[in-house]
Protein chains: 2
Amino acid sequence: MSQNTKENILNATYILIAEQGIQKASFAQIAKAVGISKPSIYYYFESKDDLIRELFDYFCKEIQFNNYFRIEDFTAENFVDKLVNIGVQMIQDQKQDPYFDNVMKEFLSLAARDKYYHDHLLEIQSFYLKGFVELLLKASSLSLITEEAIEEKAHILALVLDNIGNLIMENETINYKGIWITVVKLVFSKGDLSE
Amino acid sequence: MSQNTKENILNATYILIAEQGIQKASFAQIAKAVGISKPSIYYYFESKDDLIRELFDYFCKEIQFNNYFRIEDFTAENFVDKLVNIGVQMIQDQKQDPYFDNVMKEFLSLAARDKYYHDHLLEIQSFYLKGFVELLLKASSLSLITEEAIEEKAHILALVLDNIGNLIMENETINYKGIWITVVKLVFSKGDLSE
DNA sequence: GTCTATAGGCTGATAGAC
DNA sequence: GTCTATCAGCCTATAGAC
């Protein structure tokens, strides 16, 4: 049952972090949720920090830019559609996991005070910013978009996609999909940005 | 010294929350930072929850939409410039307070589990979303912008402005001002959004 | 691998003197 | 208003039996 118990601990911790925050998610509660005794957790994890960190490492792998966007798949024919669809898919993926938003907020708050978490989240965010720049440069090379303010446009896409998930708003009140479609269209519109 | 001590407690708590998070910002640390004894805090605040909540209430007042945007001040002549300038001002205000981002993250994580915090932050966010819609409707009535996807455009502005502050990125690496100017220009560009 | 028992520290909070 | 002394409760973590 070894591998199973370890997974059960990680799953229970994930849910408890979402529901109560990292600090209040104690070994006592985790053990109770899994159905084992408190010290048994120490067989699998050296410390609470170790447990949280392993959960975080797994979490980080799930949200990489490259998991969603493969730049080589974008062509002149499918570019805007593909961009819209992947964004919609990301938003739906995250909304489908009811714990994701809260866990993310916990890790963000931890990152504010702990270099390990800060550096890893910074790297992920950096990949998104750079990834969107690379994507728009490809769009430019395919003559789908002007080169004007291309870095800013890429960062706008990254900011909007990132923050749609962070909204406190209930899903019914706000048109996530419409917002994403509109921002993509704006970035790809032929309009002139000069005053 | 009554009023002064209370303010000192609130200020010390604000900084400690930013540096260590709400849970680790204990009465022992707050008392030490202020230079008083632990039980003295109870003369001013019924409980730790009470102290955090009072800090939060003050925090909320500072970040209201109406503190920054007064719709009646926007005219056909100054509209885009004013929108750009206020956004830049907001970003600079928040960057100038080194504790603001971290405290915000703490309250966001608390809001995930506590109805009081959730409801108040939701109301503030709701005001921003509605406020930008109102603002763009005025722009539309002034013929500065088409009515097309006006709600989505307003929400894009709100999302970008909100998230610029949440970026983990260092200030030098990312062109906050340029991003805001570009998204405002995109929203106000005459381009056609249809396929 | 999993358990019981327990150590030692920090927490929020109270009693009561001045 | 501010203090010292103190409490019960929870926390992470360890010792050691099975």
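Parameters at a glance
Residues numbered from 1 in each chain as written. Chains lettered and ligands numbered in written order. Predicted model: local features only at pLDDT ≥ 70, side-chain atom pairs only at ≥ 80, totals over all residues. Heavy atoms only, no water. Salt bridge = Lys/Arg side-chain N within 4 Å of Asp/Glu carboxyl O. Buried < 20%, exposed > 50% of the residue type's maximum accessible area, 1.4 Å probe, protein only. Least-squares fit on C-alpha atoms with pLDDT ≥ 70 in both. Contact = heavy atoms within 4.5 Å. Buried area = accessible area lost by both parts, 1.4 Å probe. Helix = DSSP H or I, 4+ residues; strand = E, 2+ residues; numbered from the N terminus. Expected span 1.5 Å × (residues − 1). Domains from an automatic or database assignment. Lys, Arg positive; Asp, Glu negative; His and termini not counted. Core = buried A, V, L, I, M, F, W, Y, C linked by side-chain atoms within 4.5 Å. Axes fitted to C-alpha atoms, helices over the stretch in contact; angles between N-to-C directions. Parallel < 35°, antiparallel > 145°, perpendicular 65-115°, else oblique. Left-handed = near helix turned anticlockwise from the far one by under 90°. Nonpolar A, V, L, I, M, F, W, Y, C, P; charged D, E, K, R; others polar.

- Under an unreviewed UniProt entry, the name given to chain A is HTH tetR-type domain-containing protein, and the source organism is Ureibacillus sinduriensis BLB-1 = JCM 15800.

Description of the pattern of salt bridges
Residues and elements named next belong to chain A.
Here's step 1: Throughout the structure, instances matching the rule amount to 10 salt bridges over all chains.
Here's step 2: Residue D73 pairs with R70 through a salt bridge whose shortest N-O separation is 3.1 Å.
Here's step 3: Residue D73 is classed as partly exposed on the basis of its relative accessible area, which comes to 29%.

Here's the deal with the relation of the copies chain B and chain A
Here's step 1: With an RMSD of 0.0 Å, chain B superimposes on chain A once it is rotated by 180° and translated 0.0 Å along the axis. Both copies are brought into coincidence by an operation consistent with a two-fold rotation axis.
Here's step 2: An overlap of 100% is found between the interface residues of chain B and their copies at the interface of chain A, pointing to a shared contact surface.

Notes on the interface of chain B and chain A
Here's step 1: Taken together, the contact between chain B and chain A spans 48 residues of the former and 48 residues of the latter.
Here's step 2: For the pair chain B and chain A, the summed buried surface comes to about 4,400 Å²; carbon and sulfur atoms form 68% of the total.
Here's step 3: Interface area lost by chain B to chain A is led by L159, I168 and L186 of chain B, which between them contribute 16%.
Here's step 4: Viewed at the interface, chain A and chain B are joined by 2 salt bridges.
Here's step 5: Broken down by secondary-structure element, the contributors of at least two residues to the side of chain B that touches chain A are α1 (2–20), α7 (100–111), α8 (115–141), α9 (150–166) and α10 (176–188) of chain B.
Here's step 6: The greatest single-element share of the side of chain B that touches chain A, amounting to 9 residues, is contributed by α9 of chain B.

Looking at helix α6 (residues 79–96) of chain B
Residues and elements named next belong to chain B.
Here's step 1: Taking 1.5 Å of rise per residue, 18 residues should cover 26 Å, and α6 covers 26 Å from first to last C-alpha, within 8% of that figure.
Here's step 2: Within α6, burial applies to F79, L83, V84, I86, G87, V88, M90, I91 and Q94.
Here's step 3: Looking at the buried positions of α6, the neighbouring elements they touch are α5 (65–68), α7, α8, α9 and α10.

Details of the domain arrangement of chain A
All names here are of chain A.
Here's step 1: Domain annotation for chain A reports domain 1 (2–56) and domain 2 (63–188).
Here's step 2: For domain 1 and domain 2, the distance between their C-alpha centroids amounts to 30 Å.
Here's step 3: The partner domain 2 presents 12 residues to the 12 residues of domain 1 that form the contact.
Here's step 4: In this assembly, domain 1 packs against domain 2 so that about 1,200 Å² is buried in total across both faces, 74% of it on carbon and sulfur atoms.
Here's step 5: Ranking the residues of domain 1 by area buried against domain 2 places Y14, R53 and F56 at the top, with a combined share of 52%.

Comments concerning unusual backbone geometry
Here's step 1: With a phi close to 65°, S143 of chain A is a non-glycine residue in the positive phi region.
Here's step 2: Looking at the secondary structure, you find S143 of chain A in the loop between α8 (115–141) and α9 (150–166).
Here's step 3: You can call S143 of chain A exposed: its relative accessible area is 59%.
Here's step 4: Residues other than glycine seldom take positive phi values, yet A149 of chain B does so here, at roughly 50°.
Here's step 5: Tracing the backbone through its elements, the reader meets A149 of chain B in the loop between α8 and α9.

Concerning the side chain of K153 of chain A
Here's step 1: One can find K153 of chain A in helix α9.
Here's step 2: Although buried, K153 of chain A forms no salt bridge, and the nearest oppositely charged side chain, E148 of chain A, lies 5.3 Å from it.
Here's step 3: Filtering out sequence-adjacent residues up to four positions away, K153 of chain A remains in contact with L136, I145, T146, E148, V187 and L193 of chain A together with T182 and L186 of chain B.

A word on the nonpolar core
Here's step 1: Grouped together as the largest cluster of nonpolar side chains are 147 residues, with contacts concentrated most on F69, F132 and W180 of chain A together with F69, F132 and W180 of chain B.
Here's step 2: When sequence neighbours within four positions are dropped, the list of residues in contact with F132 of chain A reads F65, F69, L83, A154, L157, A158, L161 and W180 of chain A.

Brief notes about the packing of α8 of chain A against α9 of chain A
All names here are of chain A.
Here's step 1: The N-to-C vectors of α8 and α9 enclose an angle of 130°; their axes lie 8 Å apart at closest approach. As the angle between them shows, α8 and α9 are arranged oblique. By crossing handedness, the relation of α8 to α9 is classed as right-handed. Where α8 approaches α9, its residues Q125, Y128, L129, F132, V133, L136, L137 and S140 are matched on the opposing element by I150, E151, K153, A154, H155, L157, A158, L161 and D162.
Here's step 2: Residues of the contact of α8 with α9, tallied by class, amount to 11 nonpolar, 3 polar and 3 charged.

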